[in-house]
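Chain and residue survey
The primary structure of each chain is shown beneath.
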Amino acid sequence: MVKKVVMPAAGQTTDIATVTKLMVSVGDSVKKGDVLLEVETDKAVLPIESFARGFVTEIYVNEFDQVDAGTLLLAIGDAADLEAAKNKPAEAPAPAVEDDDDEDDFVPVMPKSESAPAPAPAPVKVSVSGKAMPNAKKLASELGIDLDKIMPSNGEFIKACDVRAAAENIKKPEIAPAEDVIPTARMRNTLSRRWEAFVPTFGVSVTCSDEAYSKLAEKSPAVSPVHYVMMALSRLAQRYPILRALNDGGKLPLSEGSDIGLAVFAENGTVTSVVESAEKLGANAIAEACEKNLTLVAKGDLSSVRPCPVSVYDATGYKVDSFTAPVCAPGVAAFGITLGEGRVAVSGSFDIRVIEGNVGASIMSDLRDFIENPVLMLI
Amino acid sequence: MKSFELIIIGGGPGGYTAALAAARAGKRVCLFEKDSLGGTCLNVGCIPTKYLLDRANALEKIRSMTEEGVLRGAGEYSFKRVMRGKAPIIEKLTSGIASMLRSAKAEVVRGTASFKNANTVVCNGEEYSAGDVIIATGSSAIKLPFPGSEYCIDSTAALSLTKLPKKLCIIGGGVIGLEFASAFSAFGSDVTVIEMMDSILPREEKSAVDLLVRSLTAKGIKIKCSVKVESVEKIEGIYTVRTSSGNIDADCVISAAGRRANTEGLALENAGITPEKNGTVAVNEYLETKIPHIYAIGDVIGGYMLAHAAYAEAEVAVSNILGNKKELDHRIMPRCVYTIPPLAAVGVTSENGALGRFDYRGNGFAVAEGESGCVFAVMDRETKRTVGFTVVGAAAPEMIAAASIAVERGYTQDDWRALTVAHPSLSETLREAALSVKF
Ligand SMILES: Cc1cc2nc3c(=O)[nH]c(=O)nc-3n(C[C@H](O)[C@H](O)[C@H](O)COP(=O)(O)OP(=O)(O)OC[C@H]3O[C@@H](n4cnc5c(N)ncnc54)[C@H](O)[C@@H]3O)c2cc1C
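Residues numbered from 1 in each chain as written. Chains lettered and ligands numbered in written order. Predicted model: local features only at pLDDT ≥ 70, side-chain atom pairs only at ≥ 80, totals over all residues. Heavy atoms only, no water.

**Focus on the overall build of chain B**
The helix and strand inventory of chain B stands at 13 helices and 22 strands. Out of the 439 residues belonging to chain B, those deemed buried represent 52%. The contacts of chain B with a sequence gap of at least 6 include a subset with a gap of at least 24, amounting to 64%. Counting only carbon and sulfur atoms, one obtains 51% of the accessible surface of chain B, whose full area is about 19,300 Å². (Helix = DSSP H or I, 4+ residues; strand = E, 2+ residues; numbered from the N terminus. Buried < 20%, exposed > 50% of the residue type's maximum accessible area, 1.4 Å probe, protein only. Contact = heavy atoms within 4.5 Å. Areas by Shrake-Rupley, 256 points an atom, 1.4 Å probe, with all protein chains shown as cover.)

See the structure below:
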């Protein structure tokens, strides 16, 4: 039997939480108490634990999705359920006209990324594994408090408030109160964690004449130097497959199209919004796609935000000589773009674990050729 | 043999309008309908698609209000229930037509009619004769001749889908294809439209079409122009549409690549009429065929394949039958595309005159409704009179009625200035656009 895991109505959380980390994938075997995913509310990070053993048969949410109490998160079943889920026909073909079943097919009005993707079944209560609520366990481990030393206030199981109370009681060394702090939004916290994976990089820079770009810009004023470099990179990535790969812990899943991310400075942190298969797009189309992504991100729609092999940082608005762009795992390279009198400068940062120094240098040298002589992009 | 004064073949917008007009003028009329009164328009065309688009529009509105934070949670909807809601509406309208025909004392015969000779038709084995005949047999979707075209469904079948396709591919970026694209995209399908020409709606105001394409694309509809379908294959329940520029996978493929006049089975040759190569029945400006007392109206004569064109043609044909000579005048022909947002146009585009435009952003009502769009007014450079309008944005099909009057009357800027338009209303943009025309 497939058991559905839904977002619990945790007492101390606000209505809406963000999925910050998916810890399992479809097919993973899980046991009771395993953390399946983490969600973050205004106040805390909540681990969602499995209340059953079996296999993850389906995952209904993505990272960054907003969920509220009752949102269907994932499904856990036995091996047979997993098989069934795998073999589920991709989708019934164009059905013949007859109304085969009378069952209604209610689906959420909002697109998948914004709400529960399927009718939420009667919420399954998140069971208490051990004798503490999952968030209590997490909090206790964060604060270094032994759960065994805490008495549940309801006499049954330990809640986060019990842990907090216990923490109050434990005398701690006086910490000087921070004088002033910048409040960080939930999204920024989530993003900060993204950056925790350290990517060792090396850098190569080129300075190119902007003549070819200027000619293009006369005809297509919507195309910025950054769009132009993105176009060049997308063509280059067809030549260097590594620029289409993600560094997924040693595995290098390759995509056919050149997906190029553009760093967008959103209110609560930088995200990279992706232009898919940019090699198929002309400069104008790339400009348009970026513009569209930008509007979406500005509206809080992060559907274009996802890990991407190559990201581009636009520093053309600043009087700086170069911009060393950070590589965000699982991406493999990032490029910072600056402008000067008659020139476009690009600084490439490459993940040393998957890109050799000579390859990085060769990429940058070819990139300059592309930028200065766009005819080469056609070859 | 039963004898009448006027025989009408086909009970769609053309046929039933003609029957009502002639019967009310005292003619003894017999109308033949092989399927359902109301024709394509009521049963599988204008009305059911507009019903679906109304529901689709509502879903879009709910989405935007949820994003705005006004609604907390958008709830759930059922595609099946939406589809089921169509039938009672169609039923109401078709039975309305039946009762109007009854009270006008027009006889309705159910069955397929075919010509025996120029004055006699046969239906259900019985013969009917009349001095005048109107052919109003309408049109049906054409099947494109590529391998695998049998896997495509037409607009009629698409209106009876009971499951929402996840990935929908629509062949043909004409009015019908685009309307289905908007509806199904709003219902949640991932929609790709394939158009053979280098633009959709190539005859409409270019900037307006660009704006429409941008809006549709922003809703997630993929529109691929200058792309030719080579074949459709079915592998493990998934359809692959092979085109001149790559493959598109879909779980449903709708072919909306045009319509062809219905003349098969009519035995036109017995009346002395040969259909044109493209299947249409040729008529003169009085809507007479080669045989003077046989008229043809509606989709079967080609041209604008629109219900209101059929209505207008019905009025002209009946007027001529009643002896009041009248020529067909299609200069003022509103053309509407009920996409989300819709596009509507009347008269000519800015290729034939001076252009003025007004953006919805400058209109209080549009801003209040959260709608975007633009109005394009065209005036003749010499006569300085209004000769065309295009509206892209909410309520365009409603606004085009007022624009049609202005084109019909040849409004000058002074006329527009003298016109008071209710505030706030989207129609204010018509006046603003007209007044912004620079010669
Ligand atoms: C999906 C779709 C959406 C549309 N949306 C719009 C819209 O929004 N606005 C608009 O203006 N137009 C729209 N149209 C076009 C509109 O439906 C047609 O232009 C209109 O129906 C034409 O009317 P008609 O009377 O010529 O033919 P039809 O409506 O096709 O009627 C012809 C009738 O004749 C009958 N018939 C045929 N042969 C015989 C025979 N031998 N004996 C007896 N009966 C016969 C048929 O059964 C049919 O009922 C749409 C069309 C489609 C397919």
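**Points about the pattern of salt bridges**
Residues and elements named next belong to chain B. Applying the stated criterion across every chain, the model contains 18 salt bridges over all chains. Residues K116 and E127 are paired through a salt bridge, measuring 3.0 Å at the closest nitrogen-oxygen approach. Of the two residues, K116 sits in strand β5 (residues 113-117) while E127 sits in strand β7 (residues 126-135), which places them 11 residues apart along the sequence. The exposure class of E127 is partly exposed, given its relative accessible area of 24%. Here K222 ties to D190 by a salt bridge, and the two come within 2.6 Å at their closest N and O atoms. One end of the pair, K222, is in strand β11 (residues 222-224); the other, D190, is in strand β10 (residues 190-194), and 32 residues separate them in sequence. (Salt bridge = Lys/Arg side-chain N within 4 Å of Asp/Glu carboxyl O.)

**Digging into the site of the ligand**
Residues and elements named next belong to chain B. The full set close to the ligand counts 39 residues, and E33, T40, K50, D299 and A307 are the nearest of them. Between P13 and the ligand, the recorded distance is 3.3 Å, taken from a backbone N or O atom to an oxygen atom. When the ligand sits alone it has 990 Å² of accessible area, and the protein chains cover 95% of it. Contributing elements (two or more residues each) for the shell around the ligand: α1 (13-24), β2 (29-33), α2 (39-44), α3 (46-68), α7 (175-187) and α9 (307-321). Per-element tally for the shell around the ligand: the top contributor is α2, with four residues. Taken together, the residues that form the shell around the ligand break down as 16 nonpolar, 17 polar and six charged. (Near = heavy atom within 4 Å. Polar contact = N/O pair within 3.5 Å; in protein donor to acceptor, adjacent residues only side chain to side chain. Nonpolar A, V, L, I, M, F, W, Y, C, P; charged D, E, K, R; others polar.)

**Here we look at the environment of T240 of chain B**
Residue and element names in this part refer to chain B. As for its placement among the helices and strands, T240 is situated in strand β13 (residues 238-243). On the basis of relative accessibility, which here comes to 9%, the residue T240 falls in the buried class. Distance in space between the C-alpha atoms of T240 and V253 is 9.0 Å, their sequence separation being 13 residues. Not counting chain neighbours up to four residues away, the residues in contact with T240 comprise S231, V232, E233, N247, I248 and D249. Polar contacts involving the side chain of T240 include one to the side chain of D249, which spans 2.9 Å.

**Regarding the pairing of strand β15 (residues 252-255) of chain B**
On a regular strand, each side chain points to the face opposite its neighbour's, so the side chains alternate between the two faces of the sheet. Residues and elements named next belong to chain B. Across the two faces of β15 the burial is the same, with C252 and I254 and V253 and S255 all buried. Bridge count between strand β9 (residues 167-171) and β15: four bridges; the pairing is parallel. Residue pairing in the sheet places I170 in a bridge with I254 of β15. (Pairing = 2+ DSSP bridges.)

**Focus on the packing of helix α6 (residues 225-239) of chain A against helix α8 (residues 357-372) of chain A**
All names here are of chain A. In the contact formed by α6 and α8, the axes pass within 10 Å of each other and the chain directions differ by 130°. Between α6 and α8, the crossing angle belongs to the class labelled oblique. Pair α6 / α8 crosses with right-handed handedness. Listed contacts from α8 to Y228, V229, A232, L233, R235, L236 and R239 of α6 are I363, D366, L367, F370 and I371. Partitioned by chemical class, the residues of the contact of α6 with α8 number nine nonpolar, no polar and three charged. (Axes fitted to C-alpha atoms, helices over the stretch in contact; angles between N-to-C directions. Parallel < 35°, antiparallel > 145°, perpendicular 65-115°, else oblique. Left-handed = near helix turned anticlockwise from the far one by under 90°.)

**Considering the packing of aromatic side chains**
All names here are of chain B. Taken as a whole, this structure holds 15 aromatic pairs over all chains when the rule is applied. Measuring from ring centre to ring centre gives 4.9 Å for F32 and Y128, while their planes differ by 80°; the resulting arrangement is edge-to-face. Taken together, the residues span a long stretch of sequence, with F32 in strand β2 and Y128 in strand β7 at a distance of 96 residues. Residues F32 and Y128 agree in their burial class; the two are buried. In this structure an aromatic cluster arises from ring pairing among Y77, F79, F180, F184 and F187. The side chain of K325 reaches across the aromatic face of Y286, ending 4.2 Å from its centre. (Phe/Tyr/Trp six-rings, centres within 6.5 Å; stacked < 30°, edge-to-face > 60°. Lys NZ or Arg CZ within 6 Å of the ring centre and 35° of its normal.)

**As for the sheet that holds strand β21 (residues 374-379) of chain B**
Residue and element names in this part refer to chain B. Read from one edge to the other, the open sheet built from five strands follows the order β18-β19-β22-β21-β20, with strand pairing classed as antiparallel. Both edges of this open sheet fall to β18 (335-337) and β20 (354-359), since each of them pairs with a single strand only. Neighbour to neighbour, the strand axes of the sheet diverge by 10° on average, direction disregarded. Strand direction decides the pairing type here: β18 and strand β19 (residues 343-347), joined by three bridges, are antiparallel. Bridge pairing in β19 links V337 to L343. Contacting β18, β19, β21 and β22 (386-392), helix α11 (residues 396-409) crosses the sheet at an angle of about 175° to β22.

**A word on the nonpolar core**
Core analysis: the biggest nonpolar cluster contains 55 residues, and F32, F115, Y128, I134, I135 and I294 of chain B have the highest contact counts within it. Apart from the residues within four sequence positions on either side, I134 of chain B is in contact with L6, I7, I8, I9, A18, Y295, I297, A317, V318 and I321 of chain B. (Core = buried A, V, L, I, M, F, W, Y, C linked by side-chain atoms within 4.5 Å.)

**Re α1 of chain B**
Residue and element names in this part refer to chain B. A rise of 1.5 Å per residue sets the reference length of α1, with its 12 residues, at 16 Å; its end C-alpha atoms lie 16 Å apart and thus fit the reference within 8%. Summarising burial for α1: 10 of the 12 residues are buried, a large majority. Looking at α1, one finds that the buried residues are P13, G14, G15, Y16, T17, A18, A19, L20, A22 and A23. Where α1 is buried, its residues contact β1 (2-9), β2, α2, α5 (86-103), β7 and α9. G26 lies just past α1 and shows a positive phi near 100°. (Expected span 1.5 Å × (residues − 1).)

**Observations concerning the side chain of K86 of chain B**
Residues and elements named next belong to chain B. Along the chain, K86 falls in helix α5. Accessibility expressed as a relative area gives 11% for K86, which makes it buried. At 2.2 Å, the side chain of K86 and the backbone oxygen of L159 are in polar contact. In this structure K86 touches P48, Y51, L159 and S160, once residues within four positions along its chain are discounted.

**Remarks on the sheet that holds strand β4 (residues 35-40) of chain A**
Residue and element names in this part refer to chain A. Spatially, four strands are ordered β5-β4-β2-β7 in an open sheet, and the strand pairing comes out antiparallel. Single-partner strands in this sheet number two, and they are β5 (45-49) and β7 (66-68). Adjacent strand axes in the sheet meet at a mean angle of 45° when their direction is disregarded. Both strand β2 (residues 16-22) and β7 contribute to a ladder of three bridges, which runs antiparallel. Note on β7: the bridge partner recorded for T18 is Q66.

**What to know about the packing of α3 of chain B against α5 of chain B**
Residues and elements named next belong to chain B. Where α3 contacts α5, the axes come no closer than 10 Å and their chain directions differ by 140°. With respect to each other, α3 and α5 are oriented oblique. Judged by the twist between their axes, the crossing of α3 over α5 is right-handed. Taking contact as the criterion, the partners of I47, P48 and Y51 in α3 are, on α5, K86, I89, I90 and L93.

**Some words on the confidence of the model for chain A**
Residue and element names in this part refer to chain A. Averaged over chain A, the pLDDT score is 79; the fraction of residues at 70 or greater is 80%. Contacts from residues 90-101, a stretch scored under 50 in pLDDT, to residues over four places away or in other chains number 25 contacts. Low pLDDT, under 50, characterises residues 171-179; the predicted model gives this stretch one contact beyond four residues in sequence or across chains. (pLDDT = per-residue confidence, 0-100.)

**Remarks on unusual backbone geometry**
Residue P330 of chain A follows A329 of chain A across a cis peptide bond; omega there is 5°. By the element assignment, P330 of chain A lies in the loop between β13 (310-314) and β14 (333-340). I340 of chain B connects to P341 of chain B through a cis peptide bond whose omega is 0°. Tracing the chain through its elements places P341 of chain B in the loop between β18 and β19. Non-glycine residue F64 of chain A carries a positive phi angle of around 85°. Within the secondary structure layout, F64 of chain A lies in the loop between β6 (54-59) and β7. A relative accessible area of 14% means that F64 of chain A is categorised as buried. In the Ramachandran plot, S277 of chain A falls in the positive-phi region, its phi being about 40° despite a non-glycine side chain.

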